[in-house]
Amino acid sequence: MKKLICFMIVCLFWITAKAQNTAEIPAETLPAATNNSDEFQNYDPEDLPWHARRFKFTAGAFFPVNNTQVEVGSNNGDFGNMIDFEKDLGFNKSSESFAAAFEWRISRRSRLGAEYFYLNRNSTKVLQKDIEFGDHTYPVDGRVSAFFDNQIIRIYYGYAFISKPKYEIGALIGAHVMLIDVGLRLEGQTQGVEFHDDFGVTAPLPDIGIWGEFVLGKKVGLYANFNYFALKVNDVDGRILSYNLSVLYNLYKNFSITAGYTGLNIRVDAEKERLNGFFKWGYNGPTIALTYSFGKHIQLHK
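This part covers the layout of surface pockets. Here the second largest pocket defines a volume of roughly 150 Å³. Lining the second largest pocket, in full, are Asn 67, Gln 69, Tyr 228, Arg 239, Ile 240, Leu 241, Asn 265, Ile 266, Arg 267, Lys 280, Trp 281 and Gly 282. Partitioned by chemical class, the residues of the lining of the second largest pocket number five nonpolar, four polar and three charged.

What follows is the structure, given as C-alpha cells:
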C-alpha cells in the first residue's frame, strides 16, 4: 500500500512540474502545444467515453499476499488445532488470481454490480510438528499435501448521495458469498498408510460500505470503496472487511486500464453435521485490469 501511495505522489509531482514547465514557455513559440493543452483541459466530464456510462465490464489479475489460518475439528471438540497454512504447510504467501466485475448504472444515483474472485492454492510439505485436522492427527515427519480453494462472488447495490459530473460519493449494501474448500492428505509412501480430511462450506456474508468516484482529468479517474460487516447466519458466523483503491487511465475510446490495491480480510466460523471449521485469512495486494465502458451516458447534475 505504501509503494502505491508513493508512486501516485511521484506521478502527481511529475505532472505538476510538467505543467509548470509548459507554462513558462512563451505561448507564441508553441502554438500547437498550447492548443493541445487547451483541448486537454477544456472538456465536459459528461462526454468522456469512460465515465458515467450505463454499463462497465472489468477483467484482470490480482496478486495477493496471503495470510491463512484454519482450524477444523470434530463436533465433540477432541480434534483440531490452529494451522498456519503458510508457516506449517508451506503455502506460498504470494499468488496470482483472476478477478472480474460488471456494473449496471440503473439511474443517476443507483447502480447494481457483481464481482468474481478465484484463488486455488496447494502445497506439499514434510511436517515439522503434529497437526490435528478433522478426524485425524497428521504426524511429525509425515509428508502432507494440502489445498485451499476459495471462490468469492460479490453482489452489491450502490446509491450516490452526491452525484456531480466530476465526482460521486455514496453508500453500498451487498453480500460476499464465499465457497471454501480445504483439505489435507497424508501421503502413504512415508507412513505406510494414507488418509485425508476435507471441509467445505458456503458462507454468505452481507456487508455495507462507502464509495467514491472522481474525474481527475480527461483520461484519468480514481475509484475507492470500503466495506465491513459481521453477522451470524444459521450455522455460519462471519466477519468481512474489504477495500479497494484504483486509478483509471483511458487508453482509447471506451477502453481503459486500471491499477490499484485491493484487500479482503475474512473470518468464518462454520458448524456442520460432523465437523466444525474456523477460517481466518487475508488477501491483500495490487491489481491490474482492463475496463470497457459502454451504453448511453448517465445525465449528471452540476
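Here the narrative resumes.
Turning our eyes to something else, we now look at the pattern of salt bridges. In the structure shown here, the tally under the stated rule is eight salt bridges. Between Glu 86 and Arg 121 there is a salt bridge; the shortest N-O distance is 2.7 Å. Highlighted residues: Glu 86 in the loop between β3 (83–84) and β4 (97–105) and Arg 121 in strand β5 (residues 110–126), separated in sequence by 35 residues. Here the two residues Glu 86 and Arg 121 agree in accessibility, since each one is buried. Between Arg 105 and Glu 168 there is a salt bridge; the shortest N-O distance is 2.7 Å. Of this pair, Arg 105 sits in strand β4 while Glu 168 sits in strand β9 (residues 167–186); the two residues are 63 residues apart in sequence, bridging distant segments of the chain. For the pair formed by Arg 105 and Glu 168, the shared burial category is buried. Among the ionic contacts, a cluster of salt bridges with common partners joins Glu 103, Arg 105, Arg 111, Glu 168 and Glu 213.

Further remarks concern empty space enclosed by the protein. Under the definition given, this model contains one cavity of 30 Å³ or more. Estimated volume of the largest cavity: approximately 950 Å³. Broken down by element, the lining of the largest cavity gets its largest block of residues, nine residues, from strand β1 (residues 53–62). The class makeup of the residues in the lining of the largest cavity is 25 nonpolar, 16 polar and nine charged.

Let us look at the packing of aromatic side chains. Enumeration over the complete set of coordinates arrives at 14 aromatic pairs. Between Tyr 138 and Phe 195, the aromatic rings sit 5.1 Å apart at their centres with planes inclined by 55°, giving tilted as the arrangement. Here Tyr 138 is found in strand β7 (residues 136–138), whereas its partner Phe 195 is found in strand β10 (residues 195–215), with 57 residues between them in sequence. Their ring planes at 70° and their centres at 5.5 Å tell us that Tyr 159 and Phe 161 sit as a pair that is edge-to-face. Aromatic rings pair up to connect Phe 62, Phe 85, Phe 91, Phe 117, Phe 148, Phe 199, Phe 279, Trp 281 and Tyr 283 into one cluster. A cation over an aromatic ring shows up here: Lys 56 above the ring of Tyr 223, its NZ or CZ 5.9 Å from the ring centre. Above the ring of Trp 211, the side-chain terminus of Arg 111 is found at 4.1 Å from the ring centroid.

Take the side chain of Ser 145 next. Mapped onto the secondary structure, Ser 145 falls in strand β8 (residues 143–163). Taking relative accessible area as the criterion, Ser 145 reaches 18% and is therefore assigned buried. Within polar-contact distance, the side chain of Ser 145 engages the side chain of Glu 187 at 2.9 Å. Once residues within four sequence positions are removed from consideration, Ser 145 is found in contact with Ser 123, Thr 124, Gly 183, Leu 184, Arg 185 and Glu 187.

Thresholds, definitions, all that
Residues numbered from 1 in each chain as written. Predicted model: local features only at pLDDT ≥ 70, side-chain atom pairs only at ≥ 80, totals over all residues. Heavy atoms only, no water. 1 Å grid on protein atoms, 1.4 Å probe; cavity = no way out; pocket = protein on both sides within 12 Å on 5 of 7 lines; lining within 4 Å. Points joined across faces, edges and corners; volume = space filled by probe spheres on them. Nonpolar A, V, L, I, M, F, W, Y, C, P; charged D, E, K, R; others polar. Salt bridge = Lys/Arg side-chain N within 4 Å of Asp/Glu carboxyl O. Helix = DSSP H or I, 4+ residues; strand = E, 2+ residues; numbered from the N terminus. Buried < 20%, exposed > 50% of the residue type's maximum accessible area, 1.4 Å probe, protein only. Phe/Tyr/Trp six-rings, centres within 6.5 Å; stacked < 30°, edge-to-face > 60°. Lys NZ or Arg CZ within 6 Å of the ring centre and 35° of its normal. Polar contact = N/O pair within 3.5 Å; in protein donor to acceptor, adjacent residues only side chain to side chain. Contact = heavy atoms within 4.5 Å.

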